Amino acid sequence: MKINQIIIAGALLVSVTTFAQKDELKALKKIYDRDTPSADDVATYKTNLNKLETLASEEGDKVYLNFYKAVTPQLELSVFGSNPKPEQIANLLTPKAITELANAYNTTLDYEKKTGKKVFTNDITTDITEMKPVLWQVVMALDANTTLDKKVKFKQISEVLYAIYQLDKTDKEKLYLAANYDLNAQEFETALTHLKELKASNYTGEGTNYLAKNKASDVEESFATKEQRDNMVKLGTHILPKEEKIPSKKGEIIRNIALILVQQGKSNEAIVALEEARKENPSDTELIISEANVYLKMNDTVNYKRLISEALEKSPNDEILVFNLAVTCANANQVEDAEKYYRKAIELKPDFTDAYSFLADLILKPDAKIVEDMNKIKGTSDSELKKFNVLKEQRQKLFNKAMPILEKAHQLNPKDEVVKSNLKSLYNFLELTDKVKALKAEN
């Protein structure tokens, strides 16, 4: 008898708990269904959420609890009316909140597909369509934020874009943009994951951009479809319709995968990826240089020189290519080749400011070692003075060689303070007082 009473009491307890959590769910659903919930509604909603946290035990109840939690920011946002301010949107729909919303939506959709009961499936489908433009405003607000550190900002934008992609996995463009922001944030591992997913899905990004000029703002605007653009032209708000082809991004995606692998030191994987990227972009000389760099890191000078020659054969008069080759050689401590390519870049483009300043840096690179050796000489014996004078003469030759190059760089870009400072130091050492005075007079 006592055992039966205990069993009955336990059953009643479970039943009461079940009814309680069903009541909480009903209360949440009631507020969720309101078009314009009040601040009091939101407060009541949160109270019921807290209660349900301790009551939800069944799979369905847990799924819907997480759903109601995830949509809380949307309810809070609706309190601000139909046109909330961008900062209000950004404060509530944080990258974390959007990610949680995407996860909750997908979990709910999966659960309702399994059970065959569409409680929120239709709402979620509609919400995703309506939410994407709002979430794009979050991206724009973050992008316009000048108070954030750039790396932090880029990382947050990437998180929002990836969350939008999680909401709608057919929107591969958001994944592509997320990968690019990760690259800017130097979040290379995350970028690599996104890029590999794009590659696996065979995303190309090809399409057509439908453009027309807004008569009121005189700004050219882009439209998602030809019909939308043509309608605006018919209405008379836009003029000068035109179309632009959006080229494939496949080669760029593979290229970035390869470059990240290079940056990570995964040379063999990088070469495979670069060879694949070159098949997509056979005329991309940057890929040839990147592959050459990998071989250089592997001390494979034969393949390195082969690829450098190939790059020059493809674009012998491309000053940017020649300049990049010079930088590559300089980084590899191949000074003679670097100087040759810098001078070639200048020959191709006489006003190439960076080529002048980089060439001057290359020429002056031994100066640090010369100064170090000069500072080591402490005595005043004949042999030590002779050694000091030899070093001083070496420094003078170095400075005389670099001087006309630095002067040209300064002439082309007088505001470059690094060039100006180097030029001042050079003039002082060579005792060119008139030139020092002229340089100071520019301030």
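The model shown is predicted, which means the values in this text are computed figures rather than measured ones.

Quick notes on the rules
Residues numbered from 1 in each chain as written. Predicted model: local features only at pLDDT ≥ 70, side-chain atom pairs only at ≥ 80, totals over all residues. Heavy atoms only, no water. Helix = DSSP H or I, 4+ residues; strand = E, 2+ residues; numbered from the N terminus. Rg over C-alpha atoms; globule rule 2.2 N^0.38 Å. Buried < 20%, exposed > 50% of the residue type's maximum accessible area, 1.4 Å probe, protein only. Contact = heavy atoms within 4.5 Å. Areas by Shrake-Rupley, 256 points an atom, 1.4 Å probe, with all protein chains shown as cover. Lys, Arg positive; Asp, Glu negative; His and termini not counted. Charge placed at Lys NZ, Arg CZ, Asp CG, Glu CD. pLDDT = per-residue confidence, 0-100. Core = buried A, V, L, I, M, F, W, Y, C linked by side-chain atoms within 4.5 Å. Phe/Tyr/Trp six-rings, centres within 6.5 Å; stacked < 30°, edge-to-face > 60°. Lys NZ or Arg CZ within 6 Å of the ring centre and 35° of its normal. Expected span 1.5 Å × (residues − 1). Arc of directions from axis to C-beta. Pairing = 2+ DSSP bridges. Salt bridge = Lys/Arg side-chain N within 4 Å of Asp/Glu carboxyl O.

**Q** In this structure, what is going on with the overall build of the chain? I would like to understand it.
**A** Scanning the chain for helices and strands turns up 22 helices and 3 strands. In terms of C-alpha radius of gyration, the chain reaches 33 Å, well past the compact-globule figure of 22 Å for 443 residues. Considered along the principal axes of its C-alpha atoms, the chain spans approximately 115 × 70 × 50 Å. For the chain, with 443 residues in total, the buried portion stands at 38%. Of all intrachain contacts in the chain linking residues separated by at least 6 positions in sequence, the fraction that spans at least 24 positions is 58%. Approximately 25,500 Å² of the chain is accessible, and the part contributed by carbon and sulfur atoms is 52%. In the chain, 64 side chains carry a positive charge and 68 a negative one; their mean positions are 2 Å apart.

**Q** What is the right way to read the side chain of arginine 229 from this model?
**A** Residue placement: arginine 229 occurs in helix α11 (residues 226–235). Setting aside anything within four residues of it in sequence, one finds arginine 229 in contact with Tyr210, Leu211, Ala212, Phe223, Pro241, Lys242 and Glu243.

**Q** Can you help me understand the confidence of the model for the chain in this one?
**A** A low pLDDT score tells you not to read the predicted coordinates there in detail. The predicted model of the chain averages 85 in pLDDT, with 95% of residues at 70 or higher. Note that pLDDT drops below 50 for residues 1–20; the model gives that stretch 2 contacts with residues more than four away or on any other chain.

**Q** When you look at the side chain of lysine 174 in this model, what are you seeing that I'm missing?
**A** Tracing the chain through its elements places lysine 174 in helix α9 (residues 172–184). In contact with lysine 174, not counting residues within four places along its chain, are Trp136, Leu161, Ile164 and Tyr165.

**Q** Just to check I follow, could you spell out the nonpolar core for this structure?
**A** Burial of nonpolar side chains together is a common tendency in soluble globular proteins. Tyr342 and Leu426 are the most contacted members of the largest nonpolar core, which totals 71 residues. With residues up to four places along the chain from it excluded, the contact list for tyrosine 342 reads Phe323, Ala326, Val327, Ala330, Ala355, Phe358, Leu359 and Leu362. Of all hydrophobic cores here, the second largest spans 45 residues; its members include Ile31, Tyr64, Ile89 and Ala178.

**Q** Help me out: how do you make sense of the packing of aromatic side chains in this one?
**A** For any pair of aromatic rings, geometry is given as the distance between the ring centres together with the angle between the planes. Across all of its chains, the model carries 18 aromatic pairs by this definition. Between the aromatic rings of phenylalanine 323 and phenylalanine 352, the centroid separation amounts to 5.0 Å while the plane-to-plane angle is 35 degrees, which identifies the pairing as tilted. Of this pair, phenylalanine 323 sits in helix α16 (residues 319–331) while phenylalanine 352 is found in the loop between α17 (335–348) and α18 (353–364), placing the two residues 29 residues apart along the sequence. Each of the two residues, phenylalanine 323 as well as phenylalanine 352, counts as buried. Taken together, the ring pairs connect Tyr32, Tyr45, Tyr64, Phe67, Tyr68, Tyr105, Tyr111 and Phe120 into an aromatic cluster. Above the ring of tyrosine 176, the side-chain terminus of lysine 249 is found at 5.2 Å from the ring centroid.

**Q** Would you explain helix α2 (residues 39–55) in this entry?
**A** Between the first and last C-alpha of α2 there are 25 Å, a value that for 17 residues agrees with the 24 Å anticipated at 1.5 Å per step. Considered for burial, the residues of α2 that qualify are Asp41, Val42, Tyr45, Asn48, Leu49 and Leu52. The arc enclosing the buried residues of α2, seen along the axis, measures out at 125 degrees, which places them on a common side. Relative to its buried face, α2 has exposed residues pointing more than 90 degrees away, namely Asp40, Asn50 and Thr54.

**Q** Whenever I open this one, the environment of glutamate 275 confuses me. Can you help?
**A** Looking at the element boundaries, glutamate 275 is found in helix α13 (residues 267–280). For the pair glutamate 275 and threonine 121, spaced 154 residues apart in the sequence, the C-alpha separation amounts to 45 Å. If we ignore the near neighbours within four places in the chain, the residues touching glutamate 275 are Glu291 and Tyr295.

**Q** What is the right way to read the pairing of strand β2 (residues 220–223) from this model?
**A** Working note: regular strand, side chains alternate between the two faces of the sheet. The sheet contact formed by strand β1 (residues 207–214) and β2 spans 4 bridges and is antiparallel. Residue leucine 211 lies in a different strand from β2, and its bridge partner there is serine 222. Linkage of β1 to β2, two consecutive antiparallel strands, is achieved through a turn of 5 residues, within which aspartate 218 is found at a positive phi near 60 degrees.

**Q** Explain unusual backbone geometry to me, please; I cannot follow it from the model alone.
**A** With glycine set apart, most residues show a phi of negative sign, and most peptide bonds adopt trans. Despite not being glycine, glutamine 186 has its phi angle at roughly 60 degrees, a positive value. Tracing the sequence through the fold places glutamine 186 in the loop between α9 and α10 (188–200). Backbone geometry places asparagine 202, a non-glycine residue, at a positive phi of 60 degrees. Counting through the fold element by element, asparagine 202 comes out in the loop between α10 and β1. In this structure asparagine 202 comes out as partly exposed when scored by relative accessible area, which is 48%.

**Q** Would you take a moment to explain the pattern of salt bridges for this structure?
**A** Opposite charge on two side chains permits pairing when their charged atoms draw close. A full pass over the atoms with the stated rule returns 29 salt bridges. Aspartate 218 is the partner of lysine 213 in a salt bridge, and the nearest nitrogen-oxygen pair spans 3.7 Å. We classify aspartate 218 as exposed; its relative accessible area is 53%. The partner of aspartate 367 in a salt bridge is arginine 395, and the shortest N-O contact between them spans 2.5 Å. Here aspartate 367 is found in helix α19 (residues 367–376), whereas its partner arginine 395 is found in helix α20 (residues 382–412), with 28 residues between them in sequence. Considered together, aspartate 367 and arginine 395 belong to a single accessibility category, that of buried residues. Here the residues in one salt-bridge network are Lys132, Asp168, Asp171 and Lys174, joined through shared partners.

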